[in-house]
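Residues per chain are reported as follows:
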Amino acid sequence: MERNLLLSLVKKYDSPLYVYDAKTIETQYKRITNAFSSVKKLKINYAVKALSNVSILKLFKQLNSGIDTVSIQEVQLGLKAGFNPKDIIYTPNGVSLEEIEQVAELGVHINIDNLSILEQFGQKYPKTPICIRINPHVMAGGHHKISVGHIDSKFGISIHQVPHIKRIVENTGMHINGIHMHTGSDILDIDTFLRATDILLNTVKEFKTIDFVDFGSGFKVPYKENDIETNIEELGERLGARFNEFCEEYGRELTLMFEPGKFLVSNAGKFLVSVNVIKQTTSTVFAGIDSGFNHLIRPMMYESYHHITNISNPNGRERYYTVVGYICETDTFGSNRRINEITEGDILCFDNAGAYCYSMASNYNSRFRPAEVLIYNGKDYLIRERENFDDILRNQKIIDL
């Protein structure tokens, strides 16, 4: 997105501000579908948790995407955006049987990752087709907090427990129509992913009623200039060929599914903030901004990198700054970064702000969550208003003491 456009949006909508570019989202969606064009039946389910604004979901519906959800609330958002229940898959973890039953009544695909829940659900709803999430015991991902397919992970049913799954299926008569895995986020090693693929496909062989195989996602996107990323084209070529071979072995065409979130929306997002103060200490120059980890927690949660530029002074001489927020704990967005000279009132732009940024925002310190804007066909649309004090009080009950 062009610098003058971003500055004009701050002037129009104030800061802090999230801005998303629909064209970038569409480009990423087409990139993954083109990479797997050799597969006869391909289904992309956008991971709603990455960015759950209903207008973003409507954009994905327009692209012919399905959606991947992890809560009944995300399912309801998808339905609100106009998705057919059959284009929604629900992959919860640690939720109650009651919530899963509520989702089942909506006609959504259900993915279960717990033997106990699988047995209880099968006893009550043996005719409802179910997908099973397995844990392939493969360590993958860019940080231990976003690696979810290893042996100590809470996610999925262990591949060593497949005999238990089969026993439950036999005892209940339930119908298993999908097998799923998700190894983690920020995957770089394609060979590791393909090793997990072989484990997943070997699991599929244990069941004769499978219609689709869901490989999760976790593809890495670039965070800085010349950064490495998942080679989605190479993965598409190699995995696509392996999947086509497997379909021949299995005896029918299966649907290949992915559930990307970050890959589709990360680079589409910018986070715009205003500089409140420049603070010189004995060792550091701090640029204090009008935001904090209440708006963008990823750097504090798992050391994610967001490139930061001063769009108010793009040609200024570079100096070293530590960019920090206004929260009452340490909320450092970037330490000792080379940024064009910053003065109070300048607008800084954070890249890769489309995924797991607004969706993880909070009202910590009783601060308001920011507004969101979508750039679509050259026009800017306010898709979420900035919160105000009435929003903070909306669900509170003030009692007389």
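A quick note: this is a predicted structure, and the numbers were derived from the prediction, not measured. Numbers given for residues are sequential positions, taken from 1 along each chain in its written order. Local features in this predicted model are restricted to residues of pLDDT 70 or higher, and side-chain atom pairs are both shown and tallied only at a pLDDT of 80 or more, whereas totals for entire chains, interfaces and linings draw on every residue. No hydrogens and no water enter the side-chain calculation; it runs on all heavy atoms of the structure.

Observations regarding the overall build of the chain
A run of H or I in DSSP becomes a helix once it reaches four residues, and a run of E becomes a strand once it reaches two; helices and strands are each numbered from the N terminus. Scanning the chain from N- to C-terminus turns up 12 helices and 18 strands. In this treatment the radius of gyration is a C-alpha quantity, and the globule benchmark scales as 2.2 Å times the residue count to the 0.38 power. Computed over its C-alpha atoms, the radius of gyration of the chain comes to 23 Å, within 12% of the 21 Å expected for a compact globule of 401 residues. Across its three principal axes, the chain shows a C-alpha extent of roughly 70 × 60 × 40 Å. Considering the chain as a whole, with its 401 residues, one finds that 53% of them fall into the buried category. The contacts of the chain with a sequence gap of at least 6 include a subset with a gap of at least 24, amounting to 68%. For the chain, the computed accessible surface area is about 18400 Å², with 47% contributed by carbon and sulfur atoms. With 44 positive and 49 negative side-chain charges, the chain shows a spacing of 2 Å between the two charge centroids. Summary of the burial criterion: residues with accessible area below 20% of their type's maximum are buried, those above 50% are exposed, and those between are partly exposed, where the area comes from a 1.4 Å probe applied to protein chains only. Contact criterion: two residues are considered in contact whenever any of their non-hydrogen atoms come within 4.5 Å of each other. Methods summary: accessible areas were calculated by the Shrake-Rupley approach with a probe of 1.4 Å, and residue burial reflects only the protein chains presented. Think of it this way: Lys and Arg go in the positive column, Asp and Glu in the negative one, and His and the chain ends go nowhere. In plain terms, the charge of a residue is placed at NZ if it is Lys, CZ if Arg, CG if Asp and CD if Glu.

Re the pairing of strand 5 (residues 109-112)
Pairing of strand 4 (residues 88-90) with strand 5 involves two bridges; the strand directions are parallel. Counted as the bridge partner of Tyr90 is Ile110 from strand 5. Running through helix 5 (residues 97-105), the crossover from strand 4 to the neighbouring parallel element strand 5 is right-handed. At this point the chain moves from strand 5, through helix 6 (residues 115-124), to the parallel strand 6 (residues 130-135), and the crossover so formed is right-handed. At least two DSSP bridges between two strands are needed for those strands to be called paired. Crossovers are described as right-handed under a simple rule: with the strands pointing away from the observer, the path leading from the first strand over the helix to the second runs clockwise.

A closer look at the side chain of Thr69
Note on placement: Thr69 falls in strand 3 (residues 66-69). Among residues more than four places away in sequence, those in contact with Thr69 are Val48, Glu74, Val75, Ile88, Ile89, Tyr90 and Thr91.

Remarks on the packing of helix 6 against helix 7 (residues 162-172)
All axes are obtained by fitting lines to C-alpha atoms, using only the stretch in contact for helices, and the reported angles, taken between N-to-C directions, cover 0 to 180 degrees. At a minimum axis separation of 9 Å, helix 6 and helix 7 run at an interaxial angle of 15°. It follows that helix 6 is roughly parallel to helix 7 by the angle criterion. Where helix 6 crosses over helix 7, the two elements pack in a sense that is right-handed. For the pair helix 6 and helix 7, the contacting residues are Leu115, Leu118, Glu119, Gly122 and Gln123 in the first and His164, Ile165, Ile168 and Thr172 in the second. The cut-offs work like this: below 35 degrees is roughly parallel, past 145 is roughly antiparallel, 65 to 115 is roughly perpendicular, and the gaps in between are oblique. Here a crossing is taken to be left-handed if its near helix is turned anticlockwise relative to the far helix by less than a right angle, and right-handed if that turn runs clockwise.

Focus: the side chain of Asn310
Position of Asn310 relative to the elements: it lies in strand 13 (residues 308-310). On the accessibility criterion, Asn310 (1% relative accessible area) is buried. Here the side chain of Asn310 touches Ser312 through a polar contact of 3.1 Å, landing on its backbone nitrogen. Aside from chain neighbours lying at most four places away, what touches Asn310 is Ile339, Asn340, Glu341, Ile342, Asp346, Ile347 and Leu348. Whenever a nitrogen or oxygen atom comes within 3.5 Å of another N or O atom, the pair is scored as a polar contact, on the condition that within protein one atom can donate a hydrogen and the other can accept it, and that pairs from neighbouring residues in sequence are kept only if both atoms are in side chains.

Notes on helix 3 (residues 54-62)
Buried within helix 3 are the following residues: Ile56, Leu57, Leu59 and Phe60. Projected down its long axis, helix 3 carries its buried residues within an arc of 155°, all on one side. The N-capping residue of helix 3, defined by a side-chain oxygen 2.9 Å from the backbone nitrogen of Ser55, is Asn53. Directly beyond the C-terminal end of helix 3, a positive phi value near 75° is found at Asn64. Along the arc lie the directions from the helix axis toward the C-beta atoms.

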